[in-house]
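Summary of structural features
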Amino acid sequence: MTSEGDDVVRPSEQLTPQTSDYLDFLDRGKTNYLPYLMYFNRPNFRSAVINTDEFGFRISHGLDGTASVGGQHPGGPVRLLVGGSGVLSYGATSDATTLSSRLWTKHAPSKPWLNFGAPYFNSTQELMLFMLYRHLLPPVEEIVLFSGFNTLVMAQLAGLPLQGQGPFFFCNEYFEKMEELRKRYAKPAKGLRWRTGAKQPEPEPVAPQASTMIEAAVDLTMRHLDSWLVVAGATGARVSFVLQPLATWLSKPPSREEKLLFDEFDEFSEFGAWEERYGEVGSIETGAAYAAALGAACASKGVRFVDINSRMSATAAPSDWLFVDRGHCTDDGYDLSAALLAESLELS
């Protein structure tokens, strides 16, 4: 496979050919819009790389078969892995090499693991997803929130009229459509109308400082963690929070393969280079400060917290190829995350 318009094979085409299936899966022209959630995974998606059930949940593989939230699953207690695209395991070469599947088949196989992952979800949508589909679940023994990045990224969008709720991916499209509806239903003004002159352009939004973003993201995450604890308390499930890995939050330098893939992303991404897109959010300093703040907040609630980034940094060798891009892992990266998660949370 060659790049369009030339004979040069890009590193991603050679090193991570599976990403073409994920790009098809995430095609915005085929987005699965849902009430309350805004959007969710495409249901009944089939490919050699990623497959979902009738509701859109990715299928997990275990020692004795497969399972998903909306499909087949055992009648006994299960464990839930909740989060965004890291839990969905964007970049894995198959359903069998996802984070939930590696936990179920190797690192913590005593109970089945169900995949509650969806790209772009923040902590609000993660909680909403569980509330909307909880009725499909057997008894739940363990809830692991493997999350953090999306909520912090969205904290860059300060000043939106969300009435205390956190921003979500593509919320600009939501506000644009709502404004169209307001104009459609607007009634003519009564009485005299005064000319006020040309409308002044609104100033360009400025991203808040990293400390402000961290404070906002932690506050929102803890608010939702309180709800998780209330729900789990009624069932006896244990709740843990794991800060997901990000290549730029690790002290490990990129491997040869990672550098090739990261450089390609910066050159060809339609959204701009990594630093243009994420700014301070992606720095190792922000990652460490965010982990410290989340850890302290979780400790105040008696919730176990794991920073996979510090664990990976201490475990992985410089040559280890762990990421397909800065935010998503390879099969080896998901396997290492599963091993560190199971060890840190003492899961059998």
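In the block above lies the structure referred to throughout.
Here is a short report on the structure shown in this document. (Residues numbered from 1 in each chain as written. Predicted model: local features only at pLDDT ≥ 70, side-chain atom pairs only at ≥ 80, totals over all residues. Heavy atoms only, no water.)

Moving on, we come to the overall build of the protein. What the protein contains, in helices and strands, is 13 helices and 11 strands. Taking 2.2 N^0.38 as the reference for a compact globule, 348 residues should give roughly 20 Å; the C-alpha atoms of the protein span a radius of gyration of 21 Å, in line with that estimate. Residues counted as buried form 50% of the 348 residues belonging to the protein. Taking contacts inside the protein between residues at least 6 apart in sequence as the whole, the part at least 24 apart equals 75%. In the protein, 30 side chains carry a positive charge and 42 a negative one; their mean positions are 10 Å apart. (Helix = DSSP H or I, 4+ residues; strand = E, 2+ residues; numbered from the N terminus. Rg over C-alpha atoms; globule rule 2.2 N^0.38 Å. Buried < 20%, exposed > 50% of the residue type's maximum accessible area, 1.4 Å probe, protein only. Contact = heavy atoms within 4.5 Å. Lys, Arg positive; Asp, Glu negative; His and termini not counted. Charge placed at Lys NZ, Arg CZ, Asp CG, Glu CD.)

A separate point is the packing of aromatic side chains. What describes a pair of aromatic rings is the distance from one ring centre to the other and the angle between the planes of the rings. Counted under the stated rule, the structure contains 23 aromatic pairs. When the centroid spacing of 5.4 Å and the interplanar angle of 50° are considered together, the rings of Y120 and F169 count as tilted. Taken together, the residues span a long stretch of sequence, with Y120 in the loop between β6 (113-117) and α5 (123-133) and F169 in the loop between α6 (149-154) and α7 (171-185) at a distance of 49 residues. Among the residues examined, Y120 registers a relative accessible area of 24% and is labelled partly exposed. Members of the aromatic cluster, each reached through a chain of ring pairs, are Y39, F40, F55, F57, F116, Y120, F121, F130, Y133, F169, F170 and W228. Lying over the aromatic face of F268, R10 brings its terminal NZ or CZ to 3.6 Å of the ring centre. In this arrangement the basic side chain of R28 is found over the ring face of F170, its NZ or CZ atom lying 3.7 Å from the centre. (Phe/Tyr/Trp six-rings, centres within 6.5 Å; stacked < 30°, edge-to-face > 60°. Lys NZ or Arg CZ within 6 Å of the ring centre and 35° of its normal.)

What follows concerns the sheet that holds strand β7 (residues 140-147). Spatial strand order, β6-β5-β7-β8-β9: 5 strands in an open sheet with parallel pairing. The sheet is open, and its two borders are formed by β6 and β9 (304-307), each paired with just one other strand. Averaged over all pairs of adjacent strands, the angle between strand axes in this sheet comes to 20°, irrespective of strand direction. Judged from the 4 bridges that link them, strand β8 (residues 238-243) and β9 form a sheet pairing that is parallel. Note on β9: the bridge partner recorded for L243 is D307. Strands in contact with helix α12 (residues 308-315) are β7, β8 and β9; relative to β9, the strand with the most contacts, it is inclined by about 45°. (Pairing = 2+ DSSP bridges. Axes fitted to C-alpha atoms, helices over the stretch in contact; angles between N-to-C directions.)

With that out of the way, let us pick up the packing of helix α4 (residues 99-107) against helix α13 (residues 331-344). Running from amino to carboxyl end, α4 crosses α13 at an angle of 60°, the nearest separation of the two axes being 9 Å. The angle between α4 and α13 falls in the class oblique. α13 is crossed by α4, and the crossing has right-handed handedness. Residues L99, R102, L103, K106 and H107 of α4 form the contact with α13, whose own contacting residues are Y334, D335, S337, A338, A339, L341 and A342. In terms of residue class, the contact of α4 with α13 is built from 7 nonpolar, 2 polar and 3 charged. (Parallel < 35°, antiparallel > 145°, perpendicular 65-115°, else oblique. Left-handed = near helix turned anticlockwise from the far one by under 90°. Nonpolar A, V, L, I, M, F, W, Y, C, P; charged D, E, K, R; others polar.)

It is worth spelling out the nonpolar core at this point. Membership of the largest hydrophobic core comes to 92 residues, with the highest contact counts inside it found for L80, I143 and L341. Of the residues forming this core, the biggest block, 10 residues, is contributed by helix α8 (residues 210-235). If near-sequence neighbours (up to four positions away) are discounted, I143 is found in contact with L80, V82, W228, A232, A237, R238, V239 and S240. (Core = buried A, V, L, I, M, F, W, Y, C linked by side-chain atoms within 4.5 Å.)

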